[in-house]
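# Summary of the model geometry
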Amino acid sequence: IFSITDQMVWNKSLIDTLGLQEYFSANQQNYKWKERASVTLWNIDAEKDNVAKIEKVLKKAVRKGWTNEETKTKLSQKLKIKDDADKRITYKWKKYEQGDNKIVDSLFWSDVTTKEGTIKFYETKSKKITFLILNSWIGEEPKILDDCKGLVTSDYQSFLEKQWVEELRNKYQYKVYQDVYDSIK
């Protein structure tokens, strides 16, 4: 049973990329992103008394539309970081659903009326100073296959198995002995 199920369901779902794509297209309404916040997290290795300087540069970056790399250069100049700027100033841009990141949840999801471009400081216990910039709020939107391939593959396997069992039931007669079934349950 394992071998034939592998051939008809599990392996087929991995090899049949066209079938997987067609299944995804037919069921795309089931695979959506919830509302998300596009946020850039800045971690800067600097003394706490530099918070005001950093915030000033980040506000200017938002206002002038600087790229993250341009902002990083301006921050390193303002903080007089010449060596190891790539290690001392890091950023990460990502889209977060509620529950993905505790810091983002506490600073932005706690107040969804927060405006785009808002900069918030997050106090850390380490030497790192963390700022978060809310780039935008993103409404619910459909995912692409690469975003949810594992889930779609699992659903496609269930679909293939159901289809296969239906074919077998139409092709062959069967009878369920309820007392035997109940004894192995």
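See above for the structure.
Since we're looking at a predicted model, the values are computed, not measured. (Residues numbered from 1 in each chain as written. Predicted model: local features only at pLDDT ≥ 70, side-chain atom pairs only at ≥ 80, totals over all residues. Heavy atoms only, no water.)

The next thing to look at is the environment of arginine 169. Of note, arginine 169 is situated in helix α7 (residues 149–171). Measuring from C-alpha to C-alpha, the distance between arginine 169 and serine 154 comes to 23 Å, with 15 residues separating the pair along the chain. (Helix = DSSP H or I, 4+ residues; strand = E, 2+ residues; numbered from the N terminus.)

Every α-helical turn comprises 3.6 residues, leaving residues that sit three or four positions apart pointing alike. Residues of helix α2 (residues 17–26) that are buried include every one of Gly19, Leu20, Tyr23 and Phe24, and no others. Down the axis of α2, the buried set is contained in an arc of 135°. They therefore lie on one face. In α2, the exposed residues that point more than 90 degrees away from the buried face are Thr17, Leu18, Glu22 and Ala26. The inward-facing, buried residues of α2 contact α7. (Buried < 20%, exposed > 50% of the residue type's maximum accessible area, 1.4 Å probe, protein only. Arc of directions from axis to C-beta. Contact = heavy atoms within 4.5 Å.)

With that out of the way, let us pick up the packing of aromatic side chains. On inspection of all chains with the given rule, the structure shows 8 aromatic pairs. On the basis of an interplanar angle of 45° and a centroid distance of 5.0 Å, the ring pair of tryptophan 42 and tyrosine 91 is categorised as tilted. Of this pair, tryptophan 42 sits in strand β2 (residues 36–45) while tyrosine 91 sits in strand β3 (residues 89–97), placing them 49 residues apart in sequence. Tryptophan 42 sits in the buried class, given a relative accessible area of 1%. Each ring, one from tryptophan 109 and one from tryptophan 137, has its centre 5.0 Å from the other, and the planes form 70°; the classification is edge-to-face. Taken together, the residues tryptophan 109 in helix α6 (residues 102–109) and tryptophan 137 in strand β5 (residues 128–138) connect sequence positions 28 residues apart. In this structure tryptophan 137 comes out as buried when scored by relative accessible area, which is 18%. Chaining the aromatic ring pairs together yields one cluster made of Tyr23, Tyr156 and Phe159. (Phe/Tyr/Trp six-rings, centres within 6.5 Å; stacked < 30°, edge-to-face > 60°.)

Further remarks concern the pairing of β5. By the criterion of burial, β5 is predominantly enclosed, with 9 of the 11 residues buried. Note that β2 and β5 share 10 bridges and pair antiparallel. What sits directly across from leucine 41, in β5, is leucine 132. Relative to β5, strand β4 (residues 119–122) runs antiparallel, the two sharing 4 bridges. Paired with lysine 120 across the two strands is leucine 132, which belongs to β5. (Pairing = 2+ DSSP bridges.)

Spatial relationships are all this shows, so hold off on functional conclusions.
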